[in-house]
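# Report on the structure
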Amino acid sequence: MLNIKPSRILLYGLLIIFVIASLLPLWTCIVTALKSSQEVILTTPITPPIDPTMEKIIESINLLKKPLMNSLILVFSGVMVSAFFGSFIGYIFSKHRFPGSIYMFILIVLCLYIPPQVQLIPMVRTMSNLGLFGNLGALVLLYMLFGIPMCAFIFKTFYDDEIPDSYINAAKVDGAGIWTTYRRVVLPLSILPFVVAALLQVVVIWNDFIWGLVLTSGKANLPITVAMANLKGSFVAEWNLQMAGALWVSMPTLIIFIFLGKYIIRGYSGL
Amino acid sequence: MASLTIKGLTKKYDETIAVENFNLEVKDKEFLVLVGPSGCGKTTVLNSIAGLININEGEIWFGEELVDAPQKKLFKIPQKRGVAMVFQDYAIYPHMTVYSNMAFPLEVRKVAPEEIKERVIKAARLLGIDHLLQRKPKALSGGQKQRIALGRAIVRNPKIFLMDEPLANLDAKLRVQARVELKKLQEELGVTTIFVTHDQIEAMTMGDRIALMNNGHLEQIGPPLELYQKPKNLFVADFIGSPSINMFQGNLVKKDKSIGIDLKFFFYPLTTKLSKSITDKEISKVVVGIRPENVLIVQNKKDGLFQANILRIEPVGKEYNIHLEVEGKPFISIESSADNWRQGDRVWITFAKDYIYIFDQESGDIIS
Amino acid sequence: MRTLNQNILFNATGVKQVEEGKKEKLIALLVILPGILSVFIFFYIFSGWNFIISLTDWEGFIPSYNIIGLKNYIQLFQDPLFWTSLKNNILLIVLFVPGVMIIGLCMAVLLDQRVRAEGIFRTIYLLPFSLSFVVTATLWSWMYSPRVGTINFILGKLGLTSLRKGWITDPNMVMYCIIIALIWQFAGYSCIIFLAGIRSIPHSQTAAAMVDGASNFTIYWRIILPQIKASFITAFIIFMCFALKAFDFIWVLNRGGPGYSAHILGVTMYKETFSFDKFAYGATYSTIILLLSLLIVVPFLFRIYKEK
Ligand SMILES: Nc1ncnc2c1ncn2[C@@H]1O[C@H](COP(=O)(O)OP(=O)(O)OP(=O)(O)O)[C@@H](O)[C@H]1O
Ligand SMILES: [Mg+2]
C-alpha cells in the first residue's frame, strides 16, 4: 500500500470531499430526525443521536399520511398514461415519419423547456370551469399529459438508436401493419425505455410542487410536497419534526436513485 | 412465382437522385444479381420493389399485375405485395425464439396454427436449423442467423425473393459455402430472386444474369460470362473480373497504311477487321483494356513485343499474379507458373490477339 | 385492348391499396392524436392564452375583464419590483449556471480517472438531485439556521467565528445562500451530463494521444473538451431554463424573503397572481419568463435537429 502515487491520493481526496459535501445535509437531516426536541438543542447538528427516538418520525407520518396516498395516486395514473402515449408517439415519429413530422417532434421536445408559470393561470381557469379546481382530479389530469413530451423524447431516442429500421421493414414485408408491428416487435423490445421513462416520471411527479400548490386546496387533496411545505411553515422551531417529514418525502426517490440509479442515469444522459 | 418488370424507375431524395430511369426485366424463376459499387442505388431498387419506399416515377409489375405506378396514383402496400425479403442485418427479432421468428409472417397472415407449425418445421429441415427452433437468436452464429432469415422468407411461399447483401456479414469461408447453398435452395424452390451484392465474385458465381448498376442507372445486364467477355463500357470491364482488367491510355494513329494505337511505350497495330470498324468514327483518344490472363510473358524477343519490369510476384493458390510496370504504369499478368522469373527482372510482354478491348476515352463506351 | 382493361382493373384495386396504406397511418395518427393534441393545447394554446390574459385587466376569479393592450407591460417596466426580480434572476443565472457546470465538469473529469467504485461515487453525487425542492429547502434552512444551523456550527468548530452570519435571514446574503444550495443540488446532474459526453468519445482517441506522449491535461484540454460541445450546450440550456423558471426552492425557503431580497421573476409572478389576485399582471411576468426561455432554447433546438 506504500507505493500509491500522490496524484491518486489527491484524486480520492477530492472525490471524498465531494461525497461529504453531497451527503452532509442529508446526514444532519437523518440524525436530527432521530433526536428528541431536547437533544436537538443540547447536541450539535452533526452528532448522531445519543438516545435515538422514532417519536418525530411517527408524528410526521401521521401528518403526511393522506398526502402520501394522494401522491401515490398521482404517480401511478400519470406514469401509466404518459408512458403509453410517449411510447406510441416515439414509435410513430421514429419509424413512420410523415411530411412535417420532424417539426412536429421539435414542437413536442420544446414543451420540455416551457416554464410552468405560463400555464398556471390558464390551467386554473380551465380547471375551475371543469369544476375540478382544488381537487386531486385536476392534478391527475395534468400529470397524465405533462409527462408525454419527456416520454416521447425518451422513446424516440431509444427507437432511433436501438431498433434498426430493418426490423420494421421486415415486419412490413411480412404483412404486419403499424399496430401489429408495434405490439409484436417494438413493444416487447421497449422494456428498458419503459423502465427509464417510468422512473423519471415517478421522480418528476413525486417531487413536483408548484402545480399542487396552485391547483389543490384543503387538507385532503394536497400532494405530499405541498403538505410538507405547510408542515415546514407551521412547525418552524421543531427542526426534528421538519427533518422527519423531509425524510418521508425523500424516501421513495432516494430509494429509486440508490437502487435503480443506472436507469435514471441513462435517462439523464439521453439513453 | 412471377416475373418482374421495372420501367423507368426514378427515385429522388431531396436533391440527390438515387436511381434514375431504371429498367429491368426479371424472368420467372430467375436468379438475378444486382451488383454495383456502394451507394449506386441497389438498396433503393430493392426497397422500391418491396414497396418500402415511394418511388417518384416509373412502373413496377409483378407478372401481369401492376403494383407501383405513381403517375397512375397506384401503390400497393408492402404488406400486400407478397414478396419476402432478407436483410443485411437479418432483422431477426431478438425477443422471439427462432420458431416464432419464422412463424411471424404466417401468424400475421392468420394462417391456421397447425399449418404454421408444419410449414415452419419443413422450412427449418430444409435449411438444417430444426434443432435450433426453441432457441433465442441472441447466442446464435452469423451463419445460423442468416439461415433463420432465409427460413422466415421461405415459409411464406413468396412470389419474389428480395435479398439485400445477405451474405455480407459472414466470414469468408462461410460465405463461399452459403453461396452454394443459397443458389441450390433457390433452384429447388424455383422462386424468382433478386439478390443484391457489391461483391462481383458473388455476382459472377450466383447469378443466372447480372445487372450491373452505377450511379443510379443500369450499365449492363446479361449472363455473367457475357459481362465478362463483352463489356459495354469501361466501367463494366473494370468492375467485373479479379484482378481487374489492365488499362492503358493511347492515341489512334495511322502508320504504314494500317491503323494502330500509340501507347507511348508501344505501338499496337490493329487487325484489318478492327481498324475498319474504327476508322468510321472520329475518335483519337482511346483506352485499351486487357484482362490479366491475356497479358503474356514470353522468353525471347520477337516482333510486336515490349519490355516491362517485374515489380512483385504474388502467389494466389495455383496461379501467380505478376505485377509488372512499364514506364511507370503498373499492370498485372496471371501466369500458371513463375519459376522462370524473379522480382526485378526485365521481361518481354505481348497481348493475346483478339482479346483486347478498345474504349472511347471520353464516353467510356466500347469501340470494338 | 386486354392490357387496357387490365390497367383499369388494376388501377381500381390499386387505388384501394393506396387508401389502405393511408387508412393505417390515419388510425395510427388517431391513436397519438389525443396525446399530442392535449400536449399542444396545454403547452401552446395555454401559452397564447396566457399572453392574451396579459393584455387584460383581469383580476382573480371575477370572470369579467377588459382588453387594455400593453398597459400591463408599461406598468411592468416602471415597477421597481420587476427590476429587483430581474436583477436577482440575473445574479442567479450568472453565478448558478457557470458554477454548476464547472463543478459538474470537475466531478466528471475526476470520475473519468479509472476510479474504483465509480458507480458508488456517481450515485452519491446524484443523490441531492433526487430530492424535491421542498425537501432541499427544508434541509438548507436547517443548514443555514443562524442559531443552531450546521454551517455556523462548523465555522465555529474551525475557529472562524467571525465568518458566522445570519445567512438566509440576511438580505445581502440570501441570494448567495440560495445559489450555493442549488449548485449543491444540481452538481451531480451536471456531472452525469458531462460524464456521458466524455464517455461517448471513442477510447482509441485518448489511447492514441497517450501513445503520442500527450499529458493528461493536454488530452482533456485538446481532445476531450472540444468534443463534448454538445454536452456543454445541453447543460447550458437545461440550467438556464431552470434558473429562469426557478420558484419552488426559494418559495419554500422563505417566500422570497427577507423582504424582496430573494424575489426572482418566478416568485414575483406567483405572488402577484395568487397572493394579490392580479392575474393579468402575473400573466405579464410569465410572458416575460417564456420569452426569455424561448430566446435561449429555440435557436439551439432547431440547430440540433437540422443537423440530423
Ligand atoms: N433515406 C435517404 N435519404 C437521402 N439519401 C439517401 C437515402 N437512402 C439512400 N440515399 C442515397 O441514395 C443513394 C443510393 O443509396 P442506396 O442505399 O440505394 O445504395 P446501395 O447501392 O444500396 O449502397 P450500399 O452498397 O452502400 O448499400 C446514395 O447516394 C445514398 O446516399
Ligand atoms: Mg445497400
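Everything quoted here is computed from the prediction, not taken from an experiment.

Here we take up the overall build of chain A. In terms of regular secondary structure, chain A is built from 14 helices and zero strands. Projected onto its principal axes, the C-alpha positions of chain A cover 75 × 70 × 30 Å. By the burial criterion, 58% of the 271 residues in chain A qualify as buried. Taking the contacts inside chain A whose residues are at least 6 apart along the sequence as the reference set, 72% of them involve residues at least 24 apart. For chain A, the accessible surface area stands at approximately 10800 Å², while carbon and sulfur atoms represent 71% of it. The average position of the 17 basic charges and that of the 11 acidic charges among the side chains of chain A differ by 6 Å.

On to the packing of aromatic side chains. Tallied over the full model, the rule gives 65 aromatic pairs over all chains. When the centroid spacing of 5.5 Å and the interplanar angle of 45 degrees are considered together, the rings of Phe93 of chain A and Phe105 of chain A count as tilted. Taken together, the residues span a long stretch of sequence, with Phe93 of chain A in helix H3 (residues 55-95) and Phe105 of chain A in helix H4 (residues 101-110) at a distance of 12 residues. Phe105 of chain A matches Phe93 of chain A in its accessibility class, with the two residues each being buried. Their ring planes at 70 degrees and their centres at 5.4 Å tell us that Phe248 of chain B and Phe331 of chain B sit as a pair that is edge-to-face.

As a further point, take the interface of chain A and chain C. Interfaces are often sized by the amount of accessible area the parts lose when they come together. In this assembly, 89 residues from chain A lie in contact with 93 residues from chain C. Surface buried jointly by chain A and chain C totals about 8200 Å² across both partners, of which 81% is contributed by carbon and sulfur atoms. A per-residue breakdown of the area chain A buries against chain C is headed by Tyr113, Gln117 and Ile121 of chain A, which together make up 9% of the total. The tally of links between chain A and chain C comes to zero salt bridges. Summed over the shared surface of chain A and chain C, the result is 16 residue pairs in polar contact (both at pLDDT 80 or more). Ranked by the residues each element gives to the side of chain A that touches chain C, the list is headed by helix H1 (residues 6-33) of chain A, at 17 residues. When grouped by side-chain class, the residues that make up the side of chain A that touches chain C number 70 nonpolar, 15 polar and four charged.

So, about the nonpolar core. One finds Trp211 and Leu215 of chain A together with Phe96, Leu139, Phe186, Phe239 and Phe249 of chain C to be the most contacted residues of the largest nonpolar core, which totals 237 residues. Broken down by element, the residue count for this core peaks at 18 residues, all from helix H7 (residues 174-199) of chain C. If you look at the next biggest cluster of nonpolar residues, it comprises 46 residues, including Tyr99, Leu106, Val120 and Ile240 of chain B.

This next bit is on the domain arrangement of chain A. All names here are of chain A. Domains assigned within chain A are domain 1 (6-53) and domain 2 (57-268). The gap between the C-alpha centroids of domain 1 and domain 2 is 32 Å. Each side of the interface is counted separately: domain 1 has 10 residues, and domain 2 has nine residues. For the domain 1 and domain 2 pair, buried surface summed over both sides reaches about 670 Å², with 76% attributable to carbon and sulfur atoms. Summed over the shared surface of domain 1 and domain 2, the number is two residue pairs in polar contact (both at pLDDT 80 or more).

With that settled, consider the pattern of salt bridges. Scanning the model with the defined rule gives 23 salt bridges over all chains in all. For Arg152 of chain B, the salt bridge identified is with Asp174 of chain A, shortest N-O distance 3.7 Å. Residue Arg152 of chain B is located in helix H4 (residues 142-154), and its partner Asp174 of chain A is located in the loop between helix H8 (165-173) and helix H9 (178-186); the two belong to separate chains. Here Lys29 of chain B and Asp28 of chain B are joined by a salt bridge, their closest N and O atoms 4.0 Å apart. You can call Lys29 of chain B partly exposed: its relative accessible area is 48%. The structure contains a network of salt bridges with shared partners spanning Asp112, Glu118, Arg122 and Arg199 of chain C.

We now examine the sheet that holds strand S10 (residues 209-214) of chain B. Residues and elements named next belong to chain B. One open sheet holds the six strands; their spatial order is S7-S8-S9-S3-S10-S11, and the pairing between them is mixed. The sheet is open, and its two borders are formed by strand S7 (83-86) and strand S11 (217-222), each paired with just one other strand. Averaged over all adjacent pairs, the angle separating strand axes in this sheet is 20 degrees, with direction ignored. In terms of strand pairing, strand S8 (residues 160-164) meets strand S9 (residues 192-197) through five bridges, oriented parallel. Note that in S9 the partner of Asp164 across the bridge is Val196. Of the strands in this sheet, S7 and S8 are in contact with H4, which crosses S7 at around 175 degrees.

All right, on to helix H12 (residues 224-234) of chain A then. With eight of 11 residues buried, H12 of chain A is to be regarded as a mostly interior element. Regarding H12 of chain A, the residues found buried are Ile224, Thr225, Val226, Ala227, Met228, Ala229, Leu231 and Lys232 of chain A. Residues of H12 of chain A that are buried make contact with H3, helix H10 (191-207), helix H11 (210-215) and helix H13 (239-259) of chain A together with helix H5 (133-144) and helix H11 (248-254) of chain C.

Time to look at the domain arrangement of chain B. All names here are of chain B. Domain boundaries assigned for chain B yield domain 1 (4-239) and domain 2 (246-360). One C-alpha centre belongs to domain 1, the other to domain 2, and the line joining them spans 40 Å. Summed over both sides, the interface between domain 1 and domain 2 buries roughly 650 Å², with carbon and sulfur atoms accounting for 61% of that surface. Among the residues of domain 1 in contact with domain 2, Tyr228, Leu234 and Ala237 are the three that bury the most area, contributing 71% of the side total. The tally of links between domain 1 and domain 2 comes to zero salt bridges. Those elements giving two or more residues to the side of domain 1 that touches domain 2 turn out to be helix H7 (224-229) and helix H8 (234-239). Split by residue class, the side of domain 1 that touches domain 2 holds five nonpolar, two polar and one charged.

Turning to the site of ligand 1, a few remarks are in order. All names here are of chain B. In the region of ligand 1, the neighbouring residues are Tyr13, Ala18, Ser38, Gly39, Cys40, Gly41, Lys42, Thr43, Thr44 and Glu165. One of the backbone N or O atoms of Cys40 is found 3.2 Å from an oxygen atom in ligand 1. The separation between an oxygen atom of ligand 1 and a polar main-chain atom of Gly41 is 3.0 Å. For the shell around ligand 1, the leading source of residues is helix H1 (residues 42-50), giving three residues. A breakdown of the residues in the shell around ligand 1 according to their chemical character gives three nonpolar, five polar and two charged.

Calculation notes
- Residues numbered from 1 in each chain as written.
- Chains lettered and ligands numbered in written order.
- Predicted model: local features only at pLDDT ≥ 70, side-chain atom pairs only at ≥ 80, totals over all residues.
- Heavy atoms only, no water.
- Helix = DSSP H or I, 4+ residues; strand = E, 2+ residues; numbered from the N terminus.
- Buried < 20%, exposed > 50% of the residue type's maximum accessible area, 1.4 Å probe, protein only.
- Contact = heavy atoms within 4.5 Å.
- Areas by Shrake-Rupley, 256 points an atom, 1.4 Å probe, with all protein chains shown as cover.
- Lys, Arg positive; Asp, Glu negative; His and termini not counted.
- Charge placed at Lys NZ, Arg CZ, Asp CG, Glu CD.
- Phe/Tyr/Trp six-rings, centres within 6.5 Å; stacked < 30°, edge-to-face > 60°.
- Buried area = accessible area lost by both parts, 1.4 Å probe.
- Salt bridge = Lys/Arg side-chain N within 4 Å of Asp/Glu carboxyl O.
- Polar contact = N/O pair within 3.5 Å; in protein donor to acceptor, adjacent residues only side chain to side chain.
- Nonpolar A, V, L, I, M, F, W, Y, C, P; charged D, E, K, R; others polar.
- Core = buried A, V, L, I, M, F, W, Y, C linked by side-chain atoms within 4.5 Å.
- Domains from an automatic or database assignment.
- Pairing = 2+ DSSP bridges.
- Axes fitted to C-alpha atoms, helices over the stretch in contact; angles between N-to-C directions.
- Near = heavy atom within 4 Å.

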